[in-house]
Amino acid sequence: WIQGTWAGIDKLTKQVDLTRRKPSLLMSRLCHPTFSQLMAEYSLAAVISIERGFKQFRDMQAESTWYTSRLGVQYRSLNELTIGILGVGEIGYKCATIFKNLGCNVVGLVNRPRDGDDTVSRYYVRSGLSDLLSTSDYIINILPSTAETNGILGNDVFKSCKGAGFINIGRGNVCSEEDIIRGLDNGWLSEAFLDVYAVEPLPETSPLWKHPKVTVTPHVAGDSRVKEICECFAQNLKKVEESGSPGNLIDWTRMY
């Protein structure tokens, strides 16, 4: 058994060819409440930044410009927002809990039908993705990189949005740079806060760097910190010693 140090495993799955042999190795993903908290805090900061126009005010500060007109400031309270979370696992549910506790309505995308609960008012499966997008003020992607999630937000899926903010802390395979830019330029998306990309580091030639409605961060939403890794390993080691079965094992069939 091996304890991994990352929540994501796409670097590993790229080395696996299921047509030849499915791995038999027992390997656990990093799974820790503090890691989920860090990811949720990034998401909250991104929503507030977009809603309050912090990027625009930062640009104005760089030009020493005082904003005098109040007519253009039209932000909403968090308790007026619907947050759509794509991928409601441990990280997604922590995000949902934080937003719900601040008064937001939260909806989520999952791979199997679920009834709504006290935190997530409604769960959608992929066939209902367009409905989720059309009712959400902000879309937070936390989906892992798998064959099923490749391009899930591509091919003008963003057209279902009504000026939503887009935050990506999952993986960059869900849509292309062109999909995001087209969504922004057509008004389907209001702004994008991106932490993950199809290619990392993000190439200097990427148009995302200089797009006025995009904030780029270098995959820092949640760091794999030594403290949480050690605690996760210790908890799983105890489970191995007691029952022989650690938690958060990678499913090599689902590649997640």
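Coordinates for the structure precede this section.
Below is a summary of the structure that appears in this document. Model, not experiment: these values are computed from the prediction.

Right, let's talk about the overall build of the chain for a bit. From N to C terminus, the chain includes seven helices and nine strands. Over its C-alpha trace the chain gives a radius of gyration of 19 Å, about what one expects of a compact globule, namely 18 Å for 256 residues. A principal-axis box enclosing the C-alpha atoms of the chain has dimensions of 65 × 40 × 40 Å. Surface exposure of the chain reaches about 14000 Å², of which carbon and sulfur atoms provide 52%. Treating the 28 positive side-chain charges of the chain as one cloud and the 29 negative ones as another, the clouds have centres 2 Å apart.

The seven strands are arranged β5-β4-β3-β6-β7-β8-β9 in an open sheet whose pairing can be described as parallel. A strand with exactly one partner marks an edge of an open sheet, and here the two such strands are β5 (122-124) and β9 (214-216). Within this sheet the neighbouring strands show an average axis-to-axis angle of 15°, counted without direction. The sheet contact formed by strand β3 (residues 82-86) and strand β6 (residues 138-141) spans four bridges and is parallel. What sits directly across from I85, in β6, is I140.

Within strand β4 (residues 105-109), four of the five residues are buried, which leaves it mostly tucked inside the rest of the structure. Two strands pair when backbone bridges link them, and β3 and β4 are joined in this way by five bridges, in the parallel orientation. What sits directly across from I83, in β4, is V106. For the handedness criterion, the β-α-β arrangement of β3, helix α4 (residues 90-101) and β4 is classed as right-handed. Pairing geometry for β4 and β5, over three bridges, is parallel. Bridging across to β5, G108 finds its partner in Y123.

Let us now look at the pairing of strand β8 (residues 189-194). For a regular strand, side chains alternate in direction, first toward one face of the sheet and then toward the other. Among the six residues in β8, five count as buried, and that is most of the element. Bridging between strand β7 (residues 164-168) and β8 involves five bridges; their strand directions are parallel. Following the sheet pairing, F166 is matched in β8 by A192. Handedness of the β7-helix α6 (residues 177-185)-β8 crossover: right-handed. The pairing of β8 with β9 spans three bridges and is classified as parallel. What sits directly across from F193, in β9, is T215.

With the rule as written, the count across this model stands at three aromatic pairs. Taking 5.9 Å as the distance between ring centres and 80° as the angle between the ring planes, the aromatic pair formed by Y42 and F193 counts as edge-to-face. Here the residue Y42 occupies a position in helix α2 (residues 33-52), and F193 occupies one in strand β8, the gap between them amounting to 151 residues. F193 gets classed as buried once you look at its relative accessible area, which sits at 10%. Seen from their ring centres, F158 and F166 are 5.1 Å apart, and the 65° between their planes marks the pair as edge-to-face. Taking the relative accessible area as the measure of exposure, F158 reaches 1% and is therefore buried. Its relative accessible area of 0% is what places F166 among the buried residues. A cation sits over an aromatic face here: R29 above Y256, 4.7 Å from the ring centre. The ring of Y123 has R114 sitting right over it, with the charged end atom 4.9 Å from the ring centre.

Tallying each qualifying case throughout the model produces seven salt bridges. The partner of R171 in a salt bridge is D10, and the shortest N-O contact between them spans 2.7 Å. Of the two residues, R171 sits in the loop between β7 and α6 while D10 sits in helix α1 (residues 10-13), which places them 161 residues apart along the sequence. One network of salt bridges, in which partners are shared, links E51, R76 and D137.

With that settled, consider the side chain of E51. Assignment of secondary structure puts E51 in helix α2. Setting aside chain neighbours within four positions, we find E51 in contact with Q74, Y75, R76, L81 and Y138.

What counts and how
- Residues numbered from 1 in each chain as written.
- Predicted model: local features only at pLDDT ≥ 70, side-chain atom pairs only at ≥ 80, totals over all residues.
- Heavy atoms only, no water.
- Helix = DSSP H or I, 4+ residues; strand = E, 2+ residues; numbered from the N terminus.
- Rg over C-alpha atoms; globule rule 2.2 N^0.38 Å.
- Areas by Shrake-Rupley, 256 points an atom, 1.4 Å probe, with all protein chains shown as cover.
- Lys, Arg positive; Asp, Glu negative; His and termini not counted.
- Charge placed at Lys NZ, Arg CZ, Asp CG, Glu CD.
- Pairing = 2+ DSSP bridges.
- Axes fitted to C-alpha atoms, helices over the stretch in contact; angles between N-to-C directions.
- Buried < 20%, exposed > 50% of the residue type's maximum accessible area, 1.4 Å probe, protein only.
- Right-handed = clockwise from strand over helix to strand, strands pointing away.
- Phe/Tyr/Trp six-rings, centres within 6.5 Å; stacked < 30°, edge-to-face > 60°.
- Lys NZ or Arg CZ within 6 Å of the ring centre and 35° of its normal.
- Salt bridge = Lys/Arg side-chain N within 4 Å of Asp/Glu carboxyl O.
- Contact = heavy atoms within 4.5 Å.

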